[in-house]
Amino acid sequence: ETGVTQTPRHLVMGMTNKKSLKCEQHLGHNAMYWYKQSAKKPLELMFVYNFKEQTENNSVPSRFSPECPNSSHLFLHLHTLQPEDSALYLCASSQLDGRAAVEQFFGPGTRLTVL
Amino acid sequence: DAKTTQPPSMDCAEGRAANLPCNHSTISGNEYVYWYRQIHSQGPQYIIHGLKNNETNEMASLIITEDRKSSTLILPHATLRDTAVYYCIVRVEGFGNEKLTFGTGTRLTIIP
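Residues numbered from 1 in each chain as written. Chains lettered and ligands numbered in written order. Predicted model: local features only at pLDDT ≥ 70, side-chain atom pairs only at ≥ 80, totals over all residues. Heavy atoms only, no water.

Engineer: Even after reading the chapter, I still don't get the state of the cysteines, so can you show me in this structure?
Structural biologist: By definition, a disulfide links the sulfur atoms of two cysteines through a covalent bond. Applying the stated criterion to the full structure yields two disulfides over all chains. Note on cysteine connectivity: Cys-23 of chain A is disulfide-linked to Cys-91 of chain A, with sulfurs 1.9 Å apart. The sign of the S-S torsion, about -75°, decides the handedness of the disulfide formed by Cys-23 of chain A and Cys-91 of chain A: left-handed. With Cys-23 of chain A in strand 3 (residues 18-25) and Cys-91 of chain A in strand 9 (residues 87-94), this residue pair connects regions lying 68 residues apart in the sequence. The class for Cys-91 of chain A is buried, based on a relative accessible area of 0%. One disulfide in the model links Cys-22 of chain B with Cys-88 of chain B; its S-S distance is 2.1 Å. Where Cys-22 of chain B bonds to Cys-88 of chain B through sulfur, the torsion about that S-S bond is close to -80°, and the disulfide is left-handed. Here Cys-22 of chain B is found in strand 2 (residues 18-23), whereas its partner Cys-88 of chain B is found in strand 8 (residues 84-92), with 66 residues between them in sequence. (Disulfide = S-S within 2.5 Å. Helix = DSSP H or I, 4+ residues; strand = E, 2+ residues; numbered from the N terminus. Buried < 20%, exposed > 50% of the residue type's maximum accessible area, 1.4 Å probe, protein only.)

Right under this line is the structure:
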């Protein structure tokens, strides 16, 4: 248990569906992240939020839309996805204290399958 | 951030020390070496990090060569639960650089 929870743990959706992934951190951190891990590919950063402001968008297609309403919650809204978007989506959080965070705490991930 | 090179896989007998190497020959003076691991179907877990001195915590030790071009993560008494993919990451530590760039890592298998 890392203090970062993700729901749902598994999701199957069609290409025309709209769904959302939720992440919640119980650590009092002020930065949150979305990562994508496709089969046989390295983990890749998608988005970074510092103090609820998006500071990085790693050239992610617009069919992925993040939302960070407060420092404890992070959402990833999904619409019109493609089968190649099937992957493990991981959320992480960290505490920024004037220098880069030493440690990012990861959730267990959401396994997404797009049919 | 500097790139890293790790062997794709390694085996280690249970109870022995597991030594995982990482090459980062292009590392800059202000770049730290971080290690994370990912147990199957879980999110990555932070292990340890260092700049130029050797570091030790309750999970592992990190040995960085004097020229900082390579490092070794040591799990002193490997258990079956240490079977995972281990990632060596090099990055600058400074406000605004929160990005972790993962490579393909080393798949460590602990053998009973």
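Engineer: Just to check I follow, could you spell out the side chain of Gln-6 of chain A for this structure?
Structural biologist: Residues and elements named next belong to chain A. Mapped onto the elements of the fold, Gln-6 is located in strand 1 (residues 4-7). A relative accessible area of 4% means that Gln-6 is categorised as buried. At a separation of 3.0 Å, a polar atom in the side chain of Gln-6 contacts the main-chain carbonyl oxygen of Tyr-89. Looking at Gln-6, its side chain comes within polar contact range of the main-chain nitrogen of Cys-91, at 3.0 Å. Not counting residues up to four positions away in its chain, the partners in contact with Gln-6 are Lys-22, Cys-23, Trp-34, Tyr-89, Leu-90, Cys-91, Gly-107, Pro-108, Gly-109 and Thr-110. (Polar contact = N/O pair within 3.5 Å; in protein donor to acceptor, adjacent residues only side chain to side chain. Contact = heavy atoms within 4.5 Å.)

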